[in-house]
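A look at the structure
The residues making up each chain are set out below.
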Amino acid sequence: MNDTLSRLAVVLEQRKQASSDKSYVASLHAKGLNKILEKVGEECTETLLAAKDCEHREDKSELIGETADLWFHSMVMLSHLGLGPDDILKELERRFDLSGLTEKASRQTN
């Protein structure tokens, strides 16, 4: 793996302070969490549709592009909430040797 997510996180933090008329990221932060979540939702839907469309295609570039958009907007959301990729990677690491079924069961409240 490379450090692309860490580098992106640094840029996103810097862009929070930029002018909203010169930075897309700053404009999202200025519009608030609801707008950021709307973008994450849009990108999620577009990613799902791209996955469905490319299931039987050799060219996966649309899915790759939409997933990159989803990750980007998810990172903007995390940044807005004071989190970053390291927080998510730590959680994935915690789950690494844990059965998915066991982990899911531990989150259920009855």
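To start, this report covers the structure provided alongside it. (Residues numbered from 1 in each chain as written. Predicted model: local features only at pLDDT ≥ 70, side-chain atom pairs only at ≥ 80, totals over all residues. Heavy atoms only, no water.)

Here we take up the nonpolar core. Core analysis: the largest hydrophobic core is formed by seven residues, namely Ala 9, Leu 12, Val 25, Leu 28, Ile 36, Met 75 and Val 76. Elements supplying a minimum of two residues to this core: helix H1 (4–16), helix H2 (24–31) and helix H4 (61–80). Not counting chain neighbours up to four residues away, the residues in contact with Ala 9 comprise Met 75 and Pro 85. (Core = buried A, V, L, I, M, F, W, Y, C linked by side-chain atoms within 4.5 Å. Buried < 20%, exposed > 50% of the residue type's maximum accessible area, 1.4 Å probe, protein only. Helix = DSSP H or I, 4+ residues; strand = E, 2+ residues; numbered from the N terminus. Contact = heavy atoms within 4.5 Å.)

Turning our attention to the pattern of salt bridges. Going through the model one piece at a time under the given rule, you end up with seven salt bridges. We note a salt bridge from Glu 38 to Lys 35, for which the minimum N-O separation is 3.0 Å. Highlighted residues: Glu 38 and Lys 35, both in helix H3 (residues 33–54), separated by three residues, approximately one helical turn. The class for Glu 38 is partly exposed, based on a relative accessible area of 40%. The salt bridge partner of Arg 95 is Glu 91, with a shortest N-O separation of 2.8 Å. Of this pair, Arg 95 and Glu 91 both sit in helix H5 (residues 85–95), four residues apart, which is roughly one turn of the helix. Using a relative accessible area of 30% as the deciding quantity, one classes Arg 95 as partly exposed. We classify Glu 91 as partly exposed; its relative accessible area is 27%. (Salt bridge = Lys/Arg side-chain N within 4 Å of Asp/Glu carboxyl O.)

Let us now look at the packing of H2 against H4. Running from amino to carboxyl end, H2 crosses H4 at an angle of 50°, the nearest separation of the two axes being 11 Å. When the interaxial angle is binned, H2 and H4 end up oblique. The two elements H2 and H4 meet at a crossing, and its hand is right-handed. Across the interface between the two elements, Tyr 24, Val 25, Leu 28 and His 29 from H2 touch Phe 72, His 73, Val 76, Ser 79 and His 80 from H4. Taken together, the residues of the contact of H2 with H4 sort by class into five nonpolar, four polar and no charged. (Axes fitted to C-alpha atoms, helices over the stretch in contact; angles between N-to-C directions. Parallel < 35°, antiparallel > 145°, perpendicular 65-115°, else oblique. Left-handed = near helix turned anticlockwise from the far one by under 90°. Nonpolar A, V, L, I, M, F, W, Y, C, P; charged D, E, K, R; others polar.)

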